[in-house]
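Residues per chain are reported as follows:
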Amino acid sequence: VTASVTPGEGTGPGWCTEYGASGVRALYSYDNVWACGPDQTKGPTPFDSNGTASFQCVELSERFLWAIDGLAPIFGSNVDGADLVSLYHSAHPSIGVGAPGPSSLPQPGDVMSFGPGGDVGSAGHTAVVVSPVNAAGNFTIMSENWADTAGEETVHIDMTGAHNGHVQLPGSSFWNAASFLELKGAPPPPQTSQLVFDDYTPGGSVYS
């Protein structure tokens, strides 16, 4: 790691061109945090855990967690996509960890870990959730270094509850282990109101 981070650092499309080699560009964004790609690099960014490559999946999730949630980056040789959620939960126990399923749905702005194993290999993968889960169990993530580029992908949850704690990644029939930091929480229930009429009658009685 070559630099310390300043409050709010890591936003804006210029982040990609500042640290990327020729041809790197800002591809997708959420809350003005951009996924940069392709994977060309001219060295580490302040959020790169292994100190060698600019735009790996961990870099984007760590940059998002700092810029949006103010959570300091976690560095070290053990920081990979599969372990990112558990590492941040250990550092911040008040942040809950969800296991995707019909009763535990990630929200936009949550950060997920995938794997290890399955479609993502031993190091796993990590991404930012950028859309709510729809009725079919589909939602969108934003990540770097997925299929050798960066972008937005559709992920699927089994809404029958048969594969709790697992998701399907694009183009796969395999159920990958997954977890997410419950940063945003479930949306509040719809607000209801009650209109009450009071009627005062002679003699001092009030009827509602």
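What follows deals with the pairing of strand β6 (residues 138-146). In terms of strand pairing, strand β5 (residues 125-129) meets β6 through two bridges, oriented antiparallel. The partner of V128 across the bridge, within β6, is M142. Pairing analysis gives eight bridges linking β6 to strand β7 (residues 149-156), with the strands arranged antiparallel. Within the sheet, the bridge partner assigned to I141 lies in β7 and is E153.

In this section: the state of the cysteines. Summed over all chains, the structure comprises one disulfide. The disulfide partner of C16 is C36, and the S-S distance across this bridge is 2.0 Å. Around the S-S axis, the bridge from C16 to C36 shows a dihedral of about -75° and counts as left-handed. Of the two residues, C16 is situated in helix α1 (residues 14-19) and C36 in strand β2 (residues 33-37); the sequence distance between them amounts to 20 residues. Overall, C16 belongs to the buried group, its relative accessible area being 0%.

Moving on to the environment of S94. With respect to the secondary-structure elements, S94 resides in the loop between α3 (84-91) and β3 (97-98). Note on S94: relative accessible area 73%, which makes it exposed. For the pair S94 and L183, spaced 89 residues apart in sequence, the C-alpha separation works out to 9.9 Å.

With 22 residues, the main nonpolar core has L65, Y88, V111, L181 and L183 as its most contacted residues. Taken together, the elements giving at least two residues each to this core come down to β2, α2 (57-69) and α3. Ignoring anything within four residues of it in the chain, the contact list for L181 reads L65, V85, Y88, H89, I95, G96, V97, D110 and V111. Of all hydrophobic cores here, the second largest spans 15 residues; its members include V120, W146, V155 and I157.

Bringing α3 into the picture now. Taken residue by residue, α3 has L84, V85 and Y88 as its buried positions. Viewed end-on, α3 has its buried residues packed into an arc of 100°, placing them on one side of the element. The inward-facing, buried residues of α3 contact α2, β3, β4 (111-114), β5 and β9 (176-181).

What follows is about the pattern of salt bridges. This structure, assessed with the given rule, holds three salt bridges. Among the salt bridges present, the one from R63 reaches E144, with a minimum N-O distance of 3.1 Å. A residue pair is termed long-range when its members are at least 10 positions apart, and R63 in helix α2 and E144 in strand β6 qualify at 81 residues. You'll find R63 and E144 in the same group, each marked buried. Because the salt bridges share partners, they merge into one network encompassing E59, R63 and E144.

When you line up the elements, W34 lands in strand β2. Residues W34 and G12, 22 residues apart in the sequence, show an inter-C-alpha distance of 6.5 Å. Excluding its chain neighbours within four sequence positions, the residues that come into contact with W34 are G12, P13, C16, A26, L27, Y28, S29, L60, R63 and E144. A distance of 3.2 Å separates the side chain of W34 from the side chain of N32, its partner in a polar contact.

Reading the values: rules and limits
Residues numbered from 1 in each chain as written. Predicted model: local features only at pLDDT ≥ 70, side-chain atom pairs only at ≥ 80, totals over all residues. Heavy atoms only, no water. Pairing = 2+ DSSP bridges. Helix = DSSP H or I, 4+ residues; strand = E, 2+ residues; numbered from the N terminus. Disulfide = S-S within 2.5 Å. Buried < 20%, exposed > 50% of the residue type's maximum accessible area, 1.4 Å probe, protein only. Core = buried A, V, L, I, M, F, W, Y, C linked by side-chain atoms within 4.5 Å. Contact = heavy atoms within 4.5 Å. Arc of directions from axis to C-beta. Salt bridge = Lys/Arg side-chain N within 4 Å of Asp/Glu carboxyl O. Polar contact = N/O pair within 3.5 Å; in protein donor to acceptor, adjacent residues only side chain to side chain.

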